[in-house]
Amino acid sequence: MELDIEDPLRLDRQVCFALAVANRAVLAVYRPLLEPMGLTHPQYLVMLALWGEAPMSVKDIGEAIQLDSPTLSPLLKRLEAAGLITRRRDTHDERNLIVDLTAAGRELRTAAERIPPAVVERLGVSLADLEDLRDVLNRVNTAARRAAADTAKGTRR
């Protein structure tokens, strides 16, 4: 059977496939870099958000890293058990949980600063290419979230 390079359903033409494979491959690069720090990749994302702007509410962390509360809560519990964060009720609104870094959590940032250059080096792709890719992916994520919201509202673009 001859391959039809114009076939819109060929696996190698699918954006979803390329994203899924790239996601797994890139996370495999991060894993050995994060393990000595005692972090999983999702925990690293939480820490990145907090290193940028602590303290934060659970809701704000979820929005920053695009995870819902039921997924985020176990991550926060493990980070708290590891002594990297604290969780407390907001004194102004008991419904909100405020997450802050501990001294150990703040100190871990120094080790984490080695992660981005190590990832660039291990990928063997220029920083400029990775920044371009990040920008395109951010646009795709924004468009996909908008499309999902429009679908949820019952409208289509």
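Residues numbered from 1 in each chain as written. Predicted model: local features only at pLDDT ≥ 70, side-chain atom pairs only at ≥ 80, totals over all residues. Heavy atoms only, no water.

**Points about the packing of helix α2 (residues 41-53) against helix α4 (residues 69-81)**
Going by this rule: All axes here are fitted lines through C-alpha atoms, helices being fitted over the stretch that makes contact, and every angle between N-to-C directions spans 0 to 180 degrees. Put simply, DSSP marks the helices as runs of H or I at least four residues long and the strands as runs of E at least two long, and each gets a number from the N terminus on. Angle categories are assigned with fixed cut-offs, so that under 35 degrees is roughly parallel, over 145 is roughly antiparallel, 65 to 115 is roughly perpendicular, and the rest are oblique. Contacts were defined at the residue level, with two residues in contact if any of their heavy atoms lie within 4.5 Å.
Where α2 contacts α4, the axes come no closer than 10 Å and their chain directions differ by 80 degrees. Put simply, α2 runs roughly perpendicular to α4. Here Pro42, Gln43, Val46 and Met47 of α2 come into contact with α4, specifically with Leu72, Leu75, Leu76, Arg78 and Leu79.

**Description of the pattern of salt bridges**
Applied cut-off: Salt bridges are defined as contacts in which a side-chain nitrogen from Lys or Arg sits within 4 Å of a carboxyl oxygen from Asp or Glu. Each residue's exposure class comes from its accessible area (1.4 Å probe, protein chains only) as a fraction of the maximum for that residue type: buried when under 20%, exposed when over 50%, partly exposed otherwise.
Under the defined criterion, the tally for this structure stands at five salt bridges. Asp93 is the partner of Arg95 in a salt bridge, and the nearest nitrogen-oxygen pair spans 2.9 Å. A relative accessible area of 21% places Asp93 in the partly exposed class. The partner of Glu113 in a salt bridge is Arg109, and the shortest N-O contact between them spans 3.4 Å.

**What about the nonpolar core?**
Rules: The term nonpolar core refers to a set of buried residues drawn from Ala, Val, Leu, Ile, Met, Phe, Trp, Tyr and Cys, joined through side-chain atoms within 4.5 Å.
One finds Met37, Leu39, Val46, Ile61 and Ile85 to be the most contacted residues of the largest nonpolar core, which totals 30 residues. At the level of elements, α1 (15-34), α2, α3 (58-65), α4, β3 (97-101), α5 (103-112) and α6 (115-123) are the ones that each hand at least two residues to this core. When residues of this core are assigned to their parent elements, the largest contribution, six residues, is made by α2.

**Observations concerning the sheet that holds β3**
Rules: Strand pairing is defined by DSSP finding a minimum of two bridges between the two strands.
Strand order in the open sheet made by the three strands is β1-β3-β2, with antiparallel pairing throughout. Only two strands of the sheet have a single partner each, and these edge strands are β1 (56-57) and β2 (85-89). Judged from the five bridges that link them, β2 and β3 form a sheet pairing that is antiparallel. Bridge pairing in β3 links Arg89 to Leu97. Relative to the sheet, α2 contacts β1, β2 and β3, its axis offset from that of β3 by approximately 85 degrees.

**Thoughts on unusual backbone geometry**
Here the amide bond leading from Ala54 into Pro55 is cis, since omega sits at -5 degrees, within 30 degrees of zero. Here Pro55 is to be found in the loop between α2 and β1.

**Notes on helix α7 (residues 127-153)**
Put simply, the rule reads: What a helix is expected to span follows from its residue count: subtract one and scale by 1.5 Å.
In this model α7 runs 39 Å from its N-terminal to its C-terminal C-alpha over 27 residues, within 8% of the 39 Å that 1.5 Å per residue would give. In the stretch just after α7, Gly154 is the one whose phi turns positive, near 90 degrees.

**Describing the environment of Ser73**
Take Ser73: it is sitting in helix α4. Residue classification places Ser73 among the partly exposed positions, given a relative accessible area of 24%. C-alpha of Ser73 to C-alpha of Ala149: the two residues are 76 residues apart in sequence and 24 Å apart in space.

**Description of the layout of surface pockets**
Condition: Only protein atoms enter the 1 Å grid used here, on which a cavity is any set of points holding a 1.4 Å probe that cannot leave and a pocket is any open set flanked by protein within 12 Å on both sides along at least five of seven lines; residues with an atom within 4 Å of a point are listed as lining. Grid points are joined across faces, edges and corners, and a volume is the space filled by probe spheres set on the points. Asp, Glu, Lys and Arg are counted as charged, while Ala, Val, Leu, Ile, Met, Phe, Trp, Tyr, Cys and Pro are counted as nonpolar; the rest, among them Gly, fall into the polar class.
Size it by volume and the largest pocket reaches roughly 1,500 Å³. Of all the secondary-structure elements, those providing two or more residues to the lining of the largest pocket are α1, α2, α3, α6 and α7. The element that contributes the greatest number of residues to the lining of the largest pocket is α7, accounting for 11 residues. In the lining of the largest pocket, the residues fall into 23 nonpolar, six polar and three charged.

**Concerning the side chain of Thr102**
Summarising the element assignment, Thr102 is placed in the loop between β3 and α5. Assessed through its relative accessible area of 16%, Thr102 is described here as buried. Setting aside residues up to four positions removed in sequence, Thr102 forms contacts with Gly83, Leu84, Ile85 and Thr86.

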